[in-house]
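So the chains spell out like this:
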Amino acid sequence: MTDQIKELIKAAKERAVKETDSEPEPALTSAVDWPVDCKVGLGLEGAVACETTIGYVNGSKGWLIYRGLDCFELSEFSTFEETSYLLIFGKLPTQKELDEFKAKLGKYRVLTQEEWDAVNALPLGKGHPMSDLRSAVSVLGLLDPTSEDTSVEAETEVAIKLIAKLPVITGIVARTRHGEKPLQANPDLSLAADLVRMMSGNEPTEEDARVMDVCLILHADHGMNASTFTSMVVNSSLSDMYSSIVAGIGSLKGPLHGGANEAVLKTLEEIGSPDNVDAWYKKAREQKRKVMGFGHRVYKAYDPRARVLHPLAELLSKRDPKIQSLYEIAVKLESAVISELGKEKKIFPNVDFYSGIVYAAMKIETEMFTPIFAVSRVAGWTARVLEYLKKNRIFRPRGIYVGPAREEYVPIDKRG
Ligand code: CMC
């Protein structure tokens, strides 16, 4: 069964290579002579914030590379545990290193009684699950006696704790929202399989566990995106790793970033049937509505993560006619968007377009899609925070003041 998933990923990679072969070879990396001269647009477009060896996104080729390794290969052969090790420590682990890393993740995954009680005492389920997740990580920080130690060594250990604990919190959040009993971790399972189990209450199939693993690998890091930059900005004041990740979760929540996966599924449901796609799309364009799951600041080619998730969505959609219909709507919408905006503005599906269908086929509630993104992205957030911490300089850009200059103060009784 998982061989079929491998084959689908391999075919996705072959398609990517074929379609972007004629694009010019990009400059990979080059040492930077600070300060860098560059044009900066709104939203810091074009700004260079740091040098990094963690990951590389090539927007014209549609490449995503972690520490020199292509995301296609990682999703075909790696696991989320191994990929997290790669991101944090900069190289693929030996078997012994991986075993030790997994054992540590497993140990931290089982919440202590104090952590369990504190997280479960939160008023979970009243707001968005991302707000639950944000609050729970904050509480874990309160309980960790090492949290104020901002040395690289202490923050590295906190990074591993967070990678281990986010799936458990996500499971607790998913279940308590519906009055279901939350489940403790099972360190004998892979992190991906345990995540599915702690959310659904059932032991996942081999196929579900592998697909979730691939999803976690693909979402783990992605350049200087909003939530990664947010985490780095917070840590650059030498605050602490928990505060940085709480901030990252807050940033990821928005519909222009991680929250887009949830918005995509709602869009597909709103469209309702493949027959309605053309009319829906025409109206959306007239209303100047953005189509969720499309476009990217960096990618001006097909997002490689969407290339992998598309065939996985197709595979899993066969399980349920309702999901199959959502998949058919998605394919038709993709074709409508690409035939207009793909040509005009190089807008293609991004990672969030097909991930929701994959999760929905696994019977995961729509509101839980973005927390799953966070379970994965915490590896990238922490890796980049740690890398920056080693040569830390506080982030402090400026705003250009365009307001009035030095007006006279008018007493309140004289104001019109
Ligand atoms: N649908 C329709 N038009 C779009 C879309 C879209 N999804 N995305 C961009 N455009 C148009 C936009 O209207 C603008 O047109 P014009 O130049 O005529 O004003 C042009 O393309 C540039 O768009 P932008 O919003 O200035 O681009 P940005 O780099 O600031 O934003 C983005 C990037 C991802 C926020 C944006 O493409 C978007 O809002 N997409 C929908 C939300 C989404 O899918 N987000 C997930 C991003 S990938 C995962 C992640 O990072 O979390």
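Residues numbered from 1 in each chain as written. Predicted model: local features only at pLDDT ≥ 70, side-chain atom pairs only at ≥ 80, totals over all residues. Heavy atoms only, no water.

Caption draft 1: Local environment of the overall build of the protein chain. For the protein chain, the helix and strand inventory stands at 17 helices and 3 strands. Taken against the 2.2 N^0.38 rule, which gives 22 Å for 416 residues, the C-alpha radius of gyration of the protein chain at 22 Å falls within 12% of a compact globule. Seen along its three principal axes, the alpha-carbon backbone of the protein chain occupies a region of about 70 × 55 × 50 Å. Evaluated residue by residue, the protein chain yields a buried proportion of 52% over its 416 residues. Within the protein chain, residue pairs in contact and separated by at least 24 positions form 76% of the contacts whose partners lie at least 6 positions apart. Here the protein chain displays about 19,900 Å² of accessible surface, and carbon together with sulfur accounts for 54% of that area. Of the side chains in the protein chain, 53 bear a positive and 59 a negative charge, and the two mean positions are spaced by 4 Å. (Helix = DSSP H or I, 4+ residues; strand = E, 2+ residues; numbered from the N terminus. Rg over C-alpha atoms; globule rule 2.2 N^0.38 Å. Buried < 20%, exposed > 50% of the residue type's maximum accessible area, 1.4 Å probe, protein only. Contact = heavy atoms within 4.5 Å. Areas by Shrake-Rupley, 256 points an atom, 1.4 Å probe, with all protein chains shown as cover. Lys, Arg positive; Asp, Glu negative; His and termini not counted. Charge placed at Lys NZ, Arg CZ, Asp CG, Glu CD.)

Caption draft 2: Spatial organisation of the nonpolar core. Within the largest apolar cluster, 120 residues are counted, with the highest numbers of intra-cluster contacts made by Met-212 and Leu-333. Taken domain by domain, this core gets at least three of its residues from each of domain 1 (2-256 + 367-389) and domain 2 (260-361). Those residues in contact with Met-212 that lie beyond four places of it in its chain are Ala-192, Leu-195, Val-196, Tyr-359, Met-362, Ile-364 and Ile-372. (Core = buried A, V, L, I, M, F, W, Y, C linked by side-chain atoms within 4.5 Å. Domains from an automatic or database assignment.)

Caption draft 3: Highlighting the domain arrangement of the protein chain. Per the domain assignment, the segments of the protein chain are domain 1 (2-256 + 367-389) and domain 2 (260-361). Centre-to-centre separation of domain 1 and domain 2, based on C-alpha positions: 24 Å. In this assembly, 41 residues from domain 1 lie in contact with 30 residues from domain 2. A combined buried area of about 2,900 Å² lies between domain 1 and domain 2, and 64% of that area is made up of carbon and sulfur atoms. The tally of links between domain 1 and domain 2 comes to 4 salt bridges. Linking Glu-207 and Arg-319 is a salt bridge whose minimum nitrogen-to-oxygen distance equals 2.7 Å. Taken together, the connections running from domain 1 to domain 2 amount to 12 residue pairs in polar contact (both at pLDDT 80 or more). For the side of domain 1 that touches domain 2, the secondary structure elements donating two or more residues are helix H1 (2-20), strand S1 (55-58), strand S2 (63-66), helix H2 (71-77), helix H9 (206-219) and helix H17 (369-389). Per-class residue counts for the side of domain 1 that touches domain 2 are 21 nonpolar, 12 polar and 8 charged. (Buried area = accessible area lost by both parts, 1.4 Å probe. Salt bridge = Lys/Arg side-chain N within 4 Å of Asp/Glu carboxyl O. Polar contact = N/O pair within 3.5 Å; in protein donor to acceptor, adjacent residues only side chain to side chain. Nonpolar A, V, L, I, M, F, W, Y, C, P; charged D, E, K, R; others polar.)

Caption draft 4: How the structure looks around the site of the ligand. The environment of the ligand is formed by 20 residues, the closest being His-257, Lys-290, Val-291, Arg-297 and Lys-345. Contact distances for the ligand include 2.8 Å between an oxygen atom and a side-chain N or O atom of Lys-345. Of all elements in the fold, only helix H15 (321-345) and helix H16 (351-361) reach the threshold of two or more residues within the shell around the ligand. Here the residues of the shell around the ligand sort into 10 nonpolar, 6 polar and 4 charged. Lining the shell around the ligand are residues from two domains, each supplying at least three of them: domain 1 (2-256 + 367-389) and domain 2 (260-361). (Near = heavy atom within 4 Å.)

Caption draft 5: View of the sheet that holds S1. Spatially, S1-S2-S3 is the arrangement adopted by the 3 strands of the open sheet, whose pairing is antiparallel. Here the strands that pair on one side only, and so sit at the sheet edges, are S1 and strand S3 (69-70). Relative to S3, S2 runs antiparallel, the two sharing 2 bridges. Counterpart to Tyr-66 in the pairing with S3 is Leu-69. (Pairing = 2+ DSSP bridges.)

Caption draft 6: View of the environment of Ala-220. Residue position: Ala-220 is located in the loop between H9 and helix H10 (226-235). Considered as a pair, Ala-220 and Ala-383 are 163 residues apart in the sequence and their alpha carbons are 10.0 Å apart. In this structure, Ala-220 is in contact with Tyr-66, Phe-80, Thr-83, Leu-87, Ser-376, Arg-377, Ala-379 and Gly-380, ignoring residues within four places of it in sequence.

Caption draft 7: Quick peek at H15. The first and last C-alpha atoms of H15 sit 34 Å apart over 25 residues, in line with the 36 Å expected at 1.5 Å per residue. Every buried residue of H15 is listed here: Ile-323, Leu-326, Tyr-327, Ile-329, Ala-330, Leu-333, Glu-334, Ala-336, Val-337, Leu-341 and Gly-342. Looking at the packing, one finds that the buried side of H15 touches helix H12 (260-271), helix H13 (277-286), helix H14 (304-317) and H16. Capping the start of H15, Asp-320 holds a side-chain oxygen 2.9 Å from the backbone nitrogen of Lys-322, two or three residues further along. Downstream of H15 by a residue or two, Lys-346 has a phi angle that is positive, lying close to 55 degrees. (Expected span 1.5 Å × (residues − 1).)

Caption draft 8: Fine view of the pairing of S2. Taken together, the 4 bridges between S1 and S2 define a ladder with antiparallel strand orientation. Its bridge partner lying in S2, Asn-58 is registered against Trp-63. With antiparallel pairing between neighbouring strands as the criterion, S1 and S2 make up a hairpin whose turn holds 4 residues, including Gly-62 at a positive phi of roughly 75 degrees. Hairpin connection, S2 to S3: the antiparallel pair is bridged by 2 residues, and Arg-67 has positive phi, about 50 degrees.

Caption draft 9: Representation of the packing of H1 against H9. For the pair H1 and H9, interaxial distance at closest approach is 9 Å and the crossing angle is 30 degrees. The two elements H1 and H9 cross, and the hand of that crossing is right-handed. Contacts from Thr-2, Ile-5 and Ile-9 of H1 reach H9 at Glu-206, Glu-207, Arg-210, Val-211 and Val-214. Here the contact of H1 with H9 is composed, by residue class, of 4 nonpolar, 1 polar and 3 charged. (Axes fitted to C-alpha atoms, helices over the stretch in contact; angles between N-to-C directions. Left-handed = near helix turned anticlockwise from the far one by under 90°.)

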